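Summary of the model geometry
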Amino acid sequence: MPNRLRASFAVLAFFLLLCSVMLDAQHPGNSNPLYQQLRGLLPGGEVIQVNNLELRRDAATFTFRRGDFAFYGEVNGKVTGAVFKGDGHLHIAPPTAEERHSLMILNKSEEFDEDFDQVVLRFTDATAAELHKGSAGKGVADNVYISAAQEFQRFARLKLHDNFDLRLLEDVLSPGPGGYFMAAVHGRKDAHLLLILDPLGAEGVAPEEVELMNWNDWGPSVPLAFHRASEYGNGVANGNELNAPYRILSENLDVSIEKSGFLSGVANVELRAEQDGVAVVPLDLYPTLRVSRTETEKGDPLDFVQEKKDDDPDFGVVLAKTLKKGETANLRITYAGKDVVKNEGGANYYPVARESWYPNASSGLGNYATYRMAFHVPKGLQLIATGTKVNESTEGKVTTTEWKTDVPLAVVGFNLGNFTMKEAKVAGKLGDDLTIDAYANTTPPDDMAQMAGGALGTLSTSSMLPGQLSQGEVAARLYTSYFGPLPFARVALTQQYACNYGQSWPMLVYLPICGFLDTTQQHFMGLHPEDMYWKVVTPHEVAHQWWGQTVGFRSYRDQWMSEGFANTSASIFLQATRPKPEEFREFWKQQRKLITEKNAQGFRPIDVGPVTMGFRLSTEKTGWDIYQDLVYPKGAYILHMIRMMMWSPKEGDGRFMDTMHDFLSTYRLQAATTEDFKAIVEKHMSPAMDLDRNHRMDWFFNQYVYGTDLPNYHFEGEITQSGDKSSMHFKLVQSGVQASFKMLVQIYVETTDDKFYHLGSVSVLGPVTVDQTVPLPKLPSAPKRALIDYNYDVLSTEN
């Protein structure tokens, strides 16, 4: 062969190889053939008639009185849906008192009933076989079934923004039988009802498998959510483990942030299957972060799903091979997008997507993993991240910092700006010192800079940095004593752009920028510096390093512990740092007011539901403020009452501190449940707290955690002096409760020098009047009056 011809063939071969590589490298999103089939699937094949067909799904019963079903075609040999048109009824009998109470509030009935004329079913369970078994004959094909399916597609994509096709793909690609069931019900009263039964955990309420969602112009609400009815014993689910199909073990993140805030990244994700048949890995990623490539660690391209950001942009990766339980896989994901970090001017950057700036497990804060991170930012900016900084370098116009986590964490994050920093040390008993760093931006953001001048001054936030550092240092020292040491060596307190809230990630606290203003500036900006919020926002957010990060929460049912315990911690901060108890007592007075005062919709937060209902408490009917006004203050009150019951003149807070140390060490870097905390309390409870004489705290948790009880108390006390001895006659009335309600009520005495002493406690059962005379101990000053509830010991109506 002539050399020229040989060279021509070589060029052609290289070109073909290059084209092959380019085609192989493209693998555009949403191109998996089975996903495309699911995405475009509509009913219209087989149609059957039914008469009085009953379909049971856990606590729900569908009765299809008369009508027809049109089935979707098969995908990978599996039928995944059907559309019903006709007349039917849905009945749900909730398995728990909490859910029955929720329905009574929302629907004025303890059971759910709805007539319907249309249902769109999507499933991977045995529904198709059950419907065929109940067939009363062949039906007639009609475009109404296609129209109903298309209507649901538009609703799911443009209103719910949930990709149900991605969830179906998980089961369609898995070799085993699926167990997913979703019914979109067009009811006579509610046009948009969704009943979901998902063994992997229903959307938004995992690990609970059953969810009833209602959608209207205000958005979605969840009237019902629970585990499989068979899992409940004594009203509490036996199985509350996370049922995610996989767990992320580690992530290596390489992220660049431009001056505009545009973020691009490459994530190397190591994961492990927690069950057999894992073929698709759904991951949480902010919708504006667009994935350009997914591949194996060897560089082989993988299919992925990610629809348009304004539609149903849920992200998921199709694995190269289906995993068995215990097997691992490594993914490399390349992504980029805007609106994740916003440049607010003056080198103030606002990280918006705090949980989803990187691909992570779609299981809330229950997946603990290790991380290595490299950040590339414009020279002159500082990036503060979760973890330990191991390297920093500047090359040209880019500064690179490298970070690693020394322990597994549930979430990682960062803050970005041009910061000034101050540092403090909290000494540990075993050399485990804790460093507190506080950061404030050197210049204000654009919107604040425009307001500067006059009484507001420059609106510089750095002048208040020492105060924030001092609060953080004192809070950390106090919480270490009360709860135990953190598993972290450093916590960074950083100023964020947002004015009206704070947030806490492991080792990284975001504090509101308005907390870095002085009281004069806050006053002129209408921020009411006298409000309790500004006195506790920093100690509250610092407390989340213990409650929320070191000890996580298993699900929305348990989030009350994170927010409530942080609030209680803030009250302990007030008690320890104020010379007099007035602010401590005012804090608890305000918490009680939030819980017991009616809102604009006419509901007292405590009546809407227990703290374990979490975000579901807030609805259009009950008011969107209910979650904030119940979970935070009542969660705090629950722990405060436990503290008050454990306190004694001899040991002080000793028993309570032992309890919290035990809880922290037992569930260190784990997600805990409400029942986990209850077990720790029972381990340390005092004899006086054992009101049922069974060494259990069911009586308390059923009333205040899982219940909505609110007692009323009336107290009268008369002190009699006889020589150098004194006695007290008192009458204590408990009312507004059921016969089974019990409580431990603390009694105090005030002396003539205006000091208060704890005398003891009285156990009361049901509506009752306790009438007793007791001798008083010798006190430093003469007793003046007796009283209860001095420290707002019991959540009750105002006494």
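Scoring rules and cut-offs
The residue numbers shown here count from 1 along each chain, following its written sequence. Local features in this predicted model are restricted to residues of pLDDT 70 or higher, and side-chain atom pairs are both shown and tallied only at a pLDDT of 80 or more, whereas totals for entire chains, interfaces and linings draw on every residue. Hydrogen atoms and water are omitted, and side-chain values are computed over all heavy atoms in the structure. Put simply, DSSP H or I for four residues or longer makes a helix, DSSP E for two residues or longer makes a strand, and each gets a number counted from the N terminus. Throughout this description, buried means an accessible area under 20% of the type-specific maximum (1.4 Å probe, protein chains only), exposed means over 50%, and partly exposed covers the range between. Contact between two residues is taken to exist if any of their heavy atoms lie within 4.5 Å; hydrogens are not considered. The Shrake-Rupley method, run with a 1.4 Å probe, gives the accessible areas here. Residue values count only the displayed protein chains as cover. Residues scored as charged are limited to Lys and Arg (positive) and Asp and Glu (negative), so that His and the chain ends carry no count. Charge positions come from single atoms, namely NZ of Lys, CZ of Arg, CG of Asp or CD of Glu. A pair of strands counts as paired when DSSP detects no fewer than two bridges linking them. Axes here mean lines fitted to C-alpha atoms, for a helix over just the part in contact, with angles spanning 0 to 180 degrees between N-to-C directions. When the sulfur atoms of two cysteines come within 2.5 Å, that pair is taken as a disulfide. What makes a nonpolar core is a set of buried Ala, Val, Leu, Ile, Met, Phe, Trp, Tyr and Cys residues whose side-chain atoms join them at distances within 4.5 Å. The quantity called pLDDT is the predictor's confidence in a given residue, expressed from 0 to 100. One side-chain nitrogen of Lys or Arg within 4 Å of one carboxyl oxygen of Asp or Glu is enough to make a salt bridge. The definition of a polar contact used here is a pair of N or O atoms within 3.5 Å, where within protein one atom must be able to donate a hydrogen and the other to accept one, and adjacent residues in sequence count solely through side-chain atom pairs. An angle counts as roughly parallel when it lies under 35 degrees, as roughly antiparallel when it exceeds 145, as roughly perpendicular when it falls between 65 and 115, and as oblique in every other case. Handedness of a helix crossing follows the sense of rotation of the near helix relative to the far helix, less than a right angle counterclockwise being left-handed and clockwise being right-handed. For Phe, Tyr and Trp, where Trp contributes only its six-membered ring, two rings pair if their centres lie within 6.5 Å, and the inter-plane angle classes them as stacked under 30 degrees, edge-to-face over 60, or tilted in between.

Before going further, it helps to examine the overall build of the chain. Tallying secondary structure elements over the chain gives 17 helices and 41 strands in all. For the chain, the spread of C-alpha atoms along the three principal axes comes to 125 × 75 × 50 Å. When the 799 residues of the chain are sorted by exposure, 55% land in the buried category. Taking the contacts inside the chain whose residues are at least 6 apart along the sequence as the reference set, 68% of them involve residues at least 24 apart. Summed over its atoms, the accessible surface of the chain is roughly 33,300 Å², and 51% of this surface lies on carbon and sulfur atoms. Each charge class in the chain can be summarised by its mean position, and for the 75 positive and 98 negative side chains these summaries are 2 Å apart.

Turning our attention to the sheet that holds strand E33 (residues 508-512). Reading across from one edge, E29-E30-E31-E33-E32 is the order of the five strands in this open sheet, with mixed pairing throughout. In this open sheet, the two strands that pair with only one neighbour each are strand E29 (419-426) and strand E32 (503-505). Along the sheet, successive strands turn relative to each other by an average axial angle of 20°, direction set aside. As defined by bridge partners, E32 adjoins E33 across three bridges and the pair is classed as antiparallel. Among the inter-strand pairings, Trp-505 is bridged to a residue of E33, identified as Leu-508.

In space, the nine strands of this open sheet follow the order E7-E1-E2-E5-E6-E8-E9-E10-E11, with antiparallel pairing throughout. Strands at the two margins of the open sheet, each flanked by one partner only, are strand E7 (137-138) and strand E11 (219-226). Pairing analysis gives seven bridges linking strand E6 (residues 112-123) to strand E8 (residues 181-187), with the strands arranged antiparallel. Bridging across to E8, Val-120 finds its partner in Ala-184.

Attention now moves to the state of the cysteines. One pass over the structure, following the stated rule, counts one disulfide. The residue that forms a disulfide with Cys-499 is Cys-514, at a sulfur-sulfur distance of 1.9 Å. Handedness of the Cys-499-Cys-514 disulfide follows from its S-S torsion of about -120°: it is left-handed. Residue Cys-499 is found in the loop between strand E31 (490-496) and E32, and its partner Cys-514 is found in the loop between E33 and helix H9 (519-524); the two are separated by 15 residues along the sequence. Overall, Cys-514 belongs to the buried group, its relative accessible area being 2%.

If you look at soluble globular proteins, the nonpolar side chains tend to sit buried side by side. Residues Tyr-335, Trp-357, Phe-663, Phe-677, Phe-700, Leu-732 and Met-743 are the most contacted members of the largest nonpolar core, which totals 161 residues. Tallying contributions element by element places helix H14 (residues 626-646) first for this core, with 13 residues. With sequence-adjacent residues up to four places away left out, Leu-732 is seen in contact with Tyr-713, His-714, Phe-715, Val-745, Val-762, Val-764, Val-768, Thr-769, Val-770 and Ile-788. Core analysis: the second largest hydrophobic core is formed by 38 residues, Leu-166, Leu-168, Val-172 and Met-213 among them.

Parts of the model with low pLDDT should not have their predicted coordinates read in detail. In this model, the chain carries an average pLDDT of 93, and 95% of its residues clear a pLDDT of 70 or more. Ignoring residues within four places in sequence, the model shows residues 1-23, a span with pLDDT below 50, making two contacts including any to other chains.

If a strand is regular, its side chains alternate between the two faces of the sheet. Where burial is concerned, the two faces of strand E20 (residues 328-337) differ: the one with Ala-329, Leu-331, Ile-333, Tyr-335 and Gly-337 is buried and the one with Thr-328, Asn-330, Arg-332, Thr-334 and Ala-336 is not. Here 10 bridges tie strand E15 (residues 263-273) to E20, and the two strands are oriented antiparallel to one another. Across the sheet, residue Glu-270 finds its bridge partner in E20, namely Asn-330. Pairing of strand E17 (residues 290-296) with E20, which is carried by six bridges, proceeds in the antiparallel orientation. Bridge pairing links Arg-293 to Thr-334 in E20.

Within the fold, Tyr-35 resides in helix H2 (residues 33-40). A relative accessible area of 1% places Tyr-35 in the buried class. A C-alpha to C-alpha distance of 20 Å links Tyr-35 and Tyr-246, two positions 211 residues apart in sequence. Setting aside its immediate chain neighbours within four residues, Tyr-35 contacts Asn-30, Asn-163, Asp-165, Leu-166, Leu-169, Val-305 and Glu-307.

What follows covers the pattern of salt bridges. If you walk through the whole model with that rule in mind, you get 43 salt bridges. Measuring nitrogen to oxygen at the nearest pair gives 3.3 Å for the salt bridge that ties Asp-165 to Arg-39. Of this pair, Asp-165 sits in helix H6 (residues 164-173) while Arg-39 sits in helix H2, and the two are 126 residues apart along the sequence. Arg-272 is the salt-bridge partner of Glu-274, the closest N and O atoms lying 2.9 Å from each other. Assessed through its relative accessible area of 28%, Arg-272 is described here as partly exposed. Each of Arg-39, Arg-122, Arg-157, Asp-165, Glu-307 and Asp-312 takes part in a single network of salt bridges with overlapping partners.

Right, let's get into the side chain of Thr-399. By the element assignment, Thr-399 lies in strand E27 (residues 398-404). Look at Thr-399 and you get buried, because its relative accessible area is 6%. A polar side-chain atom of Thr-399 sits 3.0 Å from a polar atom in the side chain of Thr-394. Here Thr-399 is in contact with Phe-375, His-376, Val-377, Pro-378, Lys-379, Gly-380, Glu-392, Ser-393 and Thr-394, once residues within four sequence places are set aside.

A separate point is the side chain of Asn-32. Residue position: Asn-32 is located in the loop between helix H1 (3-26) and H2. Within the structure, the side chain of Asn-32 is placed 2.9 Å from the side chain of Asp-303, a separation counted as a polar contact.

At a minimum axis distance of 9 Å, the contact between helix H8 (residues 465-483) and helix H10 (residues 532-543) shows a crossing angle of 50°. Accordingly, the angle class assigned to the pair H8 and H10 is oblique. Seen from above, H8 lies across H10 with right-handed handedness. For the pair formed by H8 and H10, the contact residues are Gln-468, Gln-471, Gly-472, Ala-475, Ala-476 and Tyr-479 on the first element and Lys-535, Thr-538, Pro-539, Val-542 and Ala-543 on the second.

Looking now at the packing of aromatic side chains. By convention here, two paired aromatic rings are described through the distance between centres and the angle between planes. In total, this model carries 44 aromatic pairs according to the counting rule given. The interplanar angle of 85° and the centroid separation of 5.1 Å between the aromatic rings of Trp-357 and Phe-414 together place this pair among those described as edge-to-face. Placement of the pair is Trp-357 in the loop between strand E22 (349-351) and strand E23 (360-361) and Phe-414 in strand E28 (residues 414-417), with a sequence separation of 57 residues. Pair check on accessibility: Trp-357 and Phe-414 agree, each one buried. Measuring from centroid to centroid gives 5.7 Å for Tyr-358 and Tyr-371, while their planes differ by 85°, and the two rings are edge-to-face.

Our focus in this paragraph is unusual backbone geometry. Of note, the amide linkage connecting Ala-206 to Pro-207 takes the cis form, showing an omega dihedral of 10°. Its location among the elements puts Pro-207 in the loop between strand E9 (193-197) and strand E10 (210-216). Notably, Asn-52 is not glycine yet its phi reads approximately 50°, a positive angle. Of note, Asn-52 is situated in strand E1 (residues 47-57). Its identity is not glycine, yet Ala-347 carries a phi of approximately 60°, on the positive side. Examined against the element boundaries, Ala-347 turns out to sit in the loop between strand E21 (341-343) and E22. When its relative accessible area of 22% is taken as the criterion, Ala-347 is described as partly exposed.

Burial within strand E5 (residues 81-92) is extensive, with nine of its 12 residues counted as buried. Pairing of strand E2 (residues 60-71) with E5, which is carried by 11 bridges, proceeds in the antiparallel orientation. From the neighbouring strand, Phe-69 faces E5, where its bridge partner is Phe-84. Pairing geometry for E5 and E6, over 10 bridges, is antiparallel. What sits directly across from His-89, in E6, is Asp-115.

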